[in-house]
Amino acid sequence: MHIAEGILPPIQCAAWYAASAPFVVHGARQVIKEVKERPENRLLLATAGAFTFLLSSIKLPSVTGSSSHPTGTGAGAVIFKPPVMAFMGTVVLIFQALLLAHGGITTLGANAFSMAIVGPWVGYAFYKLTMKVGGPSWLAVFLCMVFADLSTYCVTSIQLALAFPDPSSGMAGAAAKFLSIFAVSQVPLAIMEGFLGILLFRFLVKVAAPQLDSLGLDLGIAKEHAHV
Amino acid sequence: MSDVLTSNRKWVTPALVAAVVAIFLACLFIGTHAASGEEEAFGGTDGAATTAAEEAGAEPWFKPLFEPAGEVESGLFAMQAAIGSGVMCFAIGWMAGNRRGAKHATTTADTGAGPDPTNEAGNEQTPVD
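The structure presented is a predicted model; accordingly, all values stated were derived computationally and were not measured.

**Observations concerning the side chain of histidine 102 of chain A**
On the secondary structure map, histidine 102 of chain A appears in the loop between helix 4 (82-100) and helix 5 (108-132). Of note is the side chain of histidine 102 of chain A, whose polar atom sits 3.3 Å from the side chain of histidine 2 of chain A. Within the structure, the side chain of histidine 102 of chain A is placed 2.8 Å from the side chain of aspartate 46 of chain B, a separation counted as a polar contact. If sequence neighbours within four positions are ignored, histidine 102 of chain A has contacts with His2, His69, Gln96 and Ala97 of chain A together with Asp46 and Phe77 of chain B.

Okay, here's the thing in structure tokens:
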């Protein structure tokens, strides 16, 4: 979710910039490192970024009669780990803020925090957790995409609530109010995103098995390898 | 053990696509019902959140540097989607081509005199130690 230009008070904008900057800088360094150390992964990196670029541009209708955007950050988080997505997600946000008036430059810090930082980390956590308890890899990918998406919107609701607490019910009340705008609407979109993530990985497992392997991902591709 | 991710069954990918389409259509259908009272059906939640924020006291202090008109905005979003899918499909296609080339090279090496790099399950004739 993108908080529109100029909506957050200047001090909070600055605060979110400060919060996001270290992650984005680290992410940029990771991307450069990845490209230098493993140039064979460049296309995969491009795919992860392009997936986010693509998904966040599509407005999908939802059951509540409103529409919203998915995020697509889960996929890159799984393949390259979340720091890389901090950078790539921010690039997408800058593009959308400058060319589409979607999101904003003042709110870039806040939007980066929700979509490029928290989203990927939460998604990654769900992926790792599912794999750890022995769940199937498709479920790990699915949950990763779904919760990367949902957590992004939760963080946005909290950010708005921090800026505009309700006079009577305080921040909690405001958070609940903002969440109610997003929560139900976002669920079907998140689920769609989950399926799209599985589809993407089906292709990647087939065409990028060596690269995924070199990145330490075990999505059952070891079996594919053996049957080459 | 065939996983959804690695399954080679032909129906898996179409089924996944069908699932996405089904959810999309369900949203469209249920959503139209839900939005039947509003002026603009399927308004964005981003806009709704901005309105809620403004009602709660937000005073926009900065305007976007460039604000495209309605139709232009759709066009630009379409372009973003096109660039994203273009890059993605190019990358996946290229990697698929590489894979194919590698497989081809391996099979040619197999029929040649080279050592078998894909020693399947060790039931090939391996030299006795």
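**Brief notes about the environment of lysine 206 of chain A**
Here lysine 206 of chain A shows up in helix 7 (residues 170-207). With a relative accessible area of 35%, lysine 206 of chain A lands in the partly exposed category. Residues lysine 206 of chain A and leucine 43 of chain A lie 163 residues apart in sequence; the distance between their C-alpha atoms is 14 Å. Those residues in contact with lysine 206 of chain A that sit more than four places away from it in its chain are Thr6, Ser7, Asn8 and Arg99 of chain B.

**Quick word on the interface of chain B and chain A**
Opposite the 66 residues of chain B that make contact, chain A presents 77 residues. Interface area for chain B against chain A, summed over the two sides, is near 5900 Å², with a carbon-plus-sulfur share of 73%. Ranking the residues of chain B by area buried against chain A places Leu5, Gln80 and Arg99 of chain B at the top, with a combined share of 13%. Between the two partners, chain B and chain A, sit zero salt bridges. Taken together, the links from chain B to chain A amount to twelve residue pairs in polar contact (both at pLDDT 80 or more). When contributions to the side of chain B that touches chain A are tallied by element, the ones reaching two or more residues are helix 1 (12-34), strand 1 (43-44), helix 2 (45-55) and helix 3 (70-111) of chain B. Sort the elements by how many residues they give to the side of chain B that touches chain A and helix 3 of chain B lands first, with 17 residues. Residue classes in the side of chain B that touches chain A are distributed as 42 nonpolar, 14 polar and ten charged. Note: strand 2 (residues 66-68) of chain A against strand 1 of chain B, two bridges, orientation parallel. Within the sheet, the bridge partner assigned to serine 66 of chain A lies in strand 1 of chain B and is glycine 43 of chain B.

**Focus on the pattern of salt bridges**
Residues and elements named next belong to chain A. One pass over the structure, following the stated rule, counts one salt bridge over all chains. Between arginine 38 and glutamate 34 there is a salt bridge; the shortest N-O distance is 3.0 Å. With relative accessibility at 26%, the residue arginine 38 sits in the partly exposed group. Under the relative-accessibility criterion, glutamate 34 is labelled buried at 9%.

**Regarding the side chain of serine 57 of chain A**
Checked against the element boundaries, serine 57 of chain A lands in the loop between helix 2 (42-55) and strand 1 (60-61). Note on serine 57 of chain A: relative accessible area 4%, which makes it buried. Here leucine 54 of chain A takes part through its backbone oxygen, which lies 2.7 Å from a polar atom of the side chain of serine 57 of chain A. In this structure the side chain of serine 57 of chain A is engaged in a polar contact, spanning 3.5 Å, whose partner is the backbone nitrogen of alanine 81 of chain B.

**Overview of the nonpolar core**
Grouped together as the largest cluster of nonpolar side chains are 45 residues, with contacts concentrated most on Leu44, Ile79, Phe80, Tyr127, Phe201, Leu204 and Leu212 of chain A. Taken together, the elements giving at least two residues each to this core come down to helix 2, helix 3 (73-80), helix 4, helix 5, helix 6 (137-163) and helix 7 of chain A together with helix 1 and helix 3 of chain B. When residues in this core are grouped by element, the largest group, eight residues, is from helix 7 of chain A. The contacts of phenylalanine 201 of chain A, once residues within four sequence positions are left out, are Ala75, Val78, Ile79, Val141 and Leu219 of chain A together with Leu5 of chain B. Counting 25 residues, the second largest nonpolar core, distinct from the first, contains Ile3, Cys13 and Val155 of chain A together with Ala53 of chain B.

The rules behind the values
- Residues numbered from 1 in each chain as written.
- Chains lettered and ligands numbered in written order.
- Predicted model: local features only at pLDDT ≥ 70, side-chain atom pairs only at ≥ 80, totals over all residues.
- Heavy atoms only, no water.
- Helix = DSSP H or I, 4+ residues; strand = E, 2+ residues; numbered from the N terminus.
- Polar contact = N/O pair within 3.5 Å; in protein donor to acceptor, adjacent residues only side chain to side chain.
- Contact = heavy atoms within 4.5 Å.
- Buried < 20%, exposed > 50% of the residue type's maximum accessible area, 1.4 Å probe, protein only.
- Buried area = accessible area lost by both parts, 1.4 Å probe.
- Salt bridge = Lys/Arg side-chain N within 4 Å of Asp/Glu carboxyl O.
- Nonpolar A, V, L, I, M, F, W, Y, C, P; charged D, E, K, R; others polar.
- Pairing = 2+ DSSP bridges.
- Core = buried A, V, L, I, M, F, W, Y, C linked by side-chain atoms within 4.5 Å.

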